[in-house]
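# Results of the structural survey
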Amino acid sequence: MIEQIPAIDLINGKCVRLTKGDYKQKKIYNENPVEVACEFERLGFKHLHVVDLDGAKSQHIVNIDVLKEITEKTSLIVDFGGGIKTSADIELAFEGGASMVTVGSIAVKQPQLFLEWLDKYGADRMILGADVRNGMISVNGWKEDSAEPLLPFLHKYIIKGVKNVLCTEISKDGTLQGPAIGLYQEIMKEYPDLHLIASGGVSSNDDIEALESAGIPAVVFGKAFYEGRIDIGKLNLENKE
């Protein structure tokens, strides 16, 4: 059963979605992301992906108060990313109630620091963020493309113990045009034991079912839910009460 993970992206403390990571293509879906998180819990989800878009742009965590309120008012397993650039940031995220953190840019720019965090906090609490554009890893809120090709980048950290990878195909993100299933299958062929979380392009229940049929372990979706394109009642949520 594919793990289905709704997402909340934060700008100025509000629940938003971007298209292809473009901050100029922003749509506000709810002024109160805590209410959204509570609704996800009520619907039967157990895991929530929270992204601090202000943090990603500012190079440090910004929306920590929202994270704290979500984790205080729900029992959701929250993985948090965006703006985690220093040891103080990652500690702040965990102190704010995050069960896991998603880290991408640091793994590219300061690999030794990422490995220190992996050793200190453990592979179960770390998600390697692999945001991809034209086959290369993108960093700093998708504003900059690195010289790191996807598969060698993953290999470098999987052999060091990484178990969880969140891979976003940036060209698909927020477009509602379907996920990059071929890309995820390529990753799973190389690393069949990886807990890969697919992200970007999900537009419907059919897309989630297609990812499951392709053997992808988990999927993150946001805009499709907010736009009413996903029928929650038809999802095979094994975590429903």
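The structure under discussion appears in the preceding block.
Residues numbered from 1 in each chain as written. Predicted model: local features only at pLDDT ≥ 70, side-chain atom pairs only at ≥ 80, totals over all residues. Heavy atoms only, no water.

## A short note on helix H7 (residues 150-158)
Our working definition: A simple rule labels every residue: compare its accessible area, found with a 1.4 Å probe on the protein chains alone, to the largest value its type can have, and call it buried under 20%, exposed over 50%, or partly exposed in between. Strands are runs of DSSP state E lasting at least two residues, helices are runs of H or I lasting at least four, and both sets are numbered from the N terminus onward. Relevant arc is that of directions from the helix axis to the C-beta atoms, nothing else.
Three or more residues of H7 are buried, namely Leu150, Phe153, Leu154, Tyr157 and Ile158. Considered in projection along H7, the buried side chains sweep an arc of 125 degrees and stay on one side of the axis.

## With respect to the packing of H7 against helix H8 (residues 181-190)
To be explicit about the condition: With axes taken as lines fitted to C-alpha atoms, and helix axes fitted only over the stretch in contact, angles between N-to-C directions fall between 0 and 180 degrees. Roughly parallel means an angle under 35 degrees; roughly antiparallel means over 145; roughly perpendicular covers 65 to 115; every other angle is labelled oblique. Handedness of a crossing is defined here by the sense of rotation of the near helix relative to the far one, left-handed for an anticlockwise turn of less than a right angle and right-handed for a clockwise turn. Whether two residues are in contact is decided by their heavy atoms: any pair within 4.5 Å suffices. The residue classification treats Ala, Val, Leu, Ile, Met, Phe, Trp, Tyr, Cys and Pro as nonpolar and Asp, Glu, Lys and Arg as charged. All others, Gly included, are polar.
Here H7 crosses H8 at 40 degrees, and the two axes come no closer than 11 Å. Looking at the two axes, H7 sits oblique to H8. In this structure, H7 crosses over H8, and the sense of that crossing is right-handed. Between H7 and H8, the residues in contact are Leu150, Leu151 and Leu154 and Leu183, Glu186, Ile187 and Glu190, respectively. Of the residues contributing to the contact of H7 with H8, the split by class is 5 nonpolar, no polar and 2 charged.

## Section: the packing of helix H4 (residues 87-95) against helix H6 (residues 111-121)
Interaxial distance between H4 and H6 falls to 11 Å at its minimum, and their mutual angle equals 35 degrees. Helix-helix and strand crossings are classified by hand; for H4 and H6 the assignment is right-handed. Contact residues: Ser87, Ile90, Glu91 and Phe94 in H4; Leu113, Trp117, Lys120 and Tyr121 in H6. Among the residues making up the contact of H4 with H6, the classes are represented as 5 nonpolar, 1 polar and 2 charged.

## Here's the deal with unusual backbone geometry
Despite not being glycine, Asn134 has its phi angle at roughly 55 degrees, a positive value. When you line up the elements, Asn134 lands in the loop between strand S7 (126-133) and strand S8 (136-139). Using a relative accessible area of 72% as the deciding quantity, one classes Asn134 as exposed. Positive phi outside glycine occurs at Leu176, with the angle close to 60 degrees. Tracing the chain through its elements places Leu176 in the loop between strand S10 (164-169) and H8. Assessed through its relative accessible area of 17%, Leu176 is described here as buried.

Remember that the coordinates give geometry; whether it matters functionally is a separate question.
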